[in-house]
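Residue strings, one per chain:
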Amino acid sequence: GGAPGLERGRAGAASRGPESSCPLPAGAEEPGMEAQELPLGCGGGGGSPAAGRSPEGEERRELPQASVSNGGDEDGGRELVELKVIWNKNKYDVKFCLDSTGAELKQKIHSLTGLPPAMQKVMFKGLLPEEKTLREIKVTNGAKIMVVGSTINDVLAVNTPKEAAQQEVKAEENKKEPLCRQKQHRKVLDKGKPDDVMPSVKGVQERLPTVPLSGMYNKSGGKVRLTFKLEQDQLWIGTKERTEKLPMGSIKNVVSEPIEGHEDYHMMAFQLGPTEASYYWVYWVPTQYVDAIKDTVLGKWQYF
């Protein structure tokens with residue numbers, strides 16, 4: 001039988017060099033080498049370590065077939081590659097089988113990061129193809145695999161875009177010096193409080209009065225009054241010279257800031273165009289009306 005011949009051949013190879021070339025069954029030396037490498041590989045069969053110990057020739061003869069099915073060379077199908085997986089500022093050192101597919105790598109990334117495969121964007125020289133193996137796309141040792149994506153918990157924790165944008169605007173405003181110290185505003189504010197300014201009430205938010213808000217200055221220091229025509233959905237900005245009738249929907253934003261030293265009054269701007277240059281500034285707005293003005297102009301007012 002084949003097995004006794006194989007055992008004798010092995011024993012002879014150990015003690016007598018010249019006889020190692022005797023006609024043993026084809027590939028008999030190689031299976032021994034293969035058996036040592038299989039445990040390192042991915043999917044290297046559970047029977048391989050036992051094959052080295054088994055006295056039965058049948059199992060030993062399966063080994064050359066295993067090497068053929070995996071490509072024939074020593075590392076074929078069992079070669080591991082070292083990867084650096086980078087996700088969300090985290091780095092993971094991973095050993096992974098070269099003959100595994102992109103889809104299998106996504107499963108591995110899922111186990112590392114908790115990021116479901118469907119929410120992963122995996123990049124290696126472009127988007128990683130799920131159906132190809134790492135060998136086919138020429139992944140080498142030390143390759144960086146970039147992963148983009150958010151876990152479901154991250155998605156749920158994120159604010160709505162509007163809230164996030166408002167927070168950014170507030171943060172930006174906090175960084176700048178107070179508006180009332182800027183030169184363009186100082187020249188108006190330094191004139192002092194207008195004689196006929198409307199009284200302010202601290203710590204109270206009131207609805208808009210039925211009469212126009214008057215006794216305020218515009219940026220040229222002229223008197224200005226604000227009339228809210230709710231039934232026409234218009235804001236009328238009136239000066240001595242003329243009255244501008246603006247549709248509420250055309251006003252992009254409303255900003256305001258307390259006046260230093262007179263915190264019961266605000267300076268307020270209505271954004272009439274795409275940039276800050278289009279702000280129409282109004283000074284000495286009583287603080288109790290500030291929120292009502294913003295809500296009315298930006299479309300949040302209620303029918304009372």
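Residues numbered from 1 in each chain as written. Predicted model: local features only at pLDDT ≥ 70, side-chain atom pairs only at ≥ 80, totals over all residues. Heavy atoms only, no water.

A. Geometry of the pairing of strand S11 (residues 279–286). The buried count for S11 comes to seven of eight residues, which makes it a mostly enclosed element. Here two bridges tie strand S5 (residues 213–218) to S11, and the two strands are oriented antiparallel to one another. Residue pairing in the sheet places Tyr217 in a bridge with Tyr283 of S11. One ladder, built from seven bridges, connects strand S10 (residues 262–271) with S11; its direction is antiparallel. Bridge pairing in S11 places Phe270 opposite Tyr280. (Buried < 20%, exposed > 50% of the residue type's maximum accessible area, 1.4 Å probe, protein only. Helix = DSSP H or I, 4+ residues; strand = E, 2+ residues; numbered from the N terminus. Pairing = 2+ DSSP bridges.)

B. Spatial organisation of the confidence of the model for the protein. Mean pLDDT for the protein: 75, with 65% of residues reaching 70 or above. Taken element by element, the predicted model of the protein shows its lowest mean pLDDT in helix H4 (residues 57–69) (43) and its highest in S11 (94). Segment residues 11–22 is flagged for pLDDT under 50; beyond a separation of four residues in sequence, or across chains, it makes one contact in the model. (pLDDT = per-residue confidence, 0-100. Contact = heavy atoms within 4.5 Å.)

C. The pairing of S5, seen in detail. Of all six residues that make up S5, five are buried, and the element is covered over most of its length. In this structure, S5 lies alongside strand S6 (residues 223–229), joined through three bridges in antiparallel fashion. Opposite Leu213, over in S6, you have Leu226 as the bridge partner. Between S5 and S6, which pair antiparallel and follow one another directly, the connecting turn spans four residues, one of which, Gly221, has a positive phi of 85 degrees.

D. Fine view of the sheet that holds strand S2 (residues 90–97). Pairing in this open sheet of four strands is mixed, and the strands run S2-S1-S4-S3 from one edge to the other. A single partner strand is all that each edge strand has here, and the edge strands are S2 and strand S3 (121–123). Across this sheet, the average inter-strand angle for adjacent strands is 30 degrees, counted without regard to direction. Sheet topology note: the S3/strand S4 (residues 143–148) ladder contains three bridges and is antiparallel. Within the sheet, the bridge partner assigned to Lys121 lies in S4 and is Val148. Each of strand S1 (80–87), S2, S3 and S4 touches helix H5 (residues 102–113); the most contacted strand, S2, lies at about 140 degrees to it. (Axes fitted to C-alpha atoms, helices over the stretch in contact; angles between N-to-C directions.)

E. The arrangement of helix H9 (residues 290–297) in detail. When we look at burial in H9, the residues that qualify are Val290, Ala292, Ile293, Thr296 and Val297. On an axial view of H9, the arc spanned by its buried residues comes to 165 degrees, and they lie on one face. A positive phi of about 90 degrees marks Gly299, the residue just after H9. (Arc of directions from axis to C-beta.)

F. Seen up close, the pattern of salt bridges. Following the criterion strictly, the structure yields seven salt bridges and no others. For the salt bridge of Lys106 with Glu130, the shortest nitrogen-to-oxygen distance reads 2.9 Å. Placement of Lys106 in helix H5 and of Glu130 in the loop between S3 and S4 is noted, with a sequence separation of 24 residues between them. By relative accessible area, Lys106 is classed as buried at 10%. (Salt bridge = Lys/Arg side-chain N within 4 Å of Asp/Glu carboxyl O.)

G. Structural detail: the nonpolar core. If you look at the biggest cluster of nonpolar residues, it comprises 22 residues, and the most contacted ones within it are Leu213, Leu226, Phe228, Leu235, Phe270, Ile293 and Val297. Those elements giving two or more residues to this core turn out to be S5, S6, strand S7 (234–238), S10, S11 and H9. It is H9 that contributes the most residues to this core, four residues altogether. Filtering out sequence-adjacent residues up to four positions away, Val297 remains in contact with Phe228, Met248, Ile251, Val254 and Phe270. Formed by 20 residues, the second largest nonpolar core is a distinct cluster that contains Phe96, Ile109, Val122 and Ile137. (Core = buried A, V, L, I, M, F, W, Y, C linked by side-chain atoms within 4.5 Å.)

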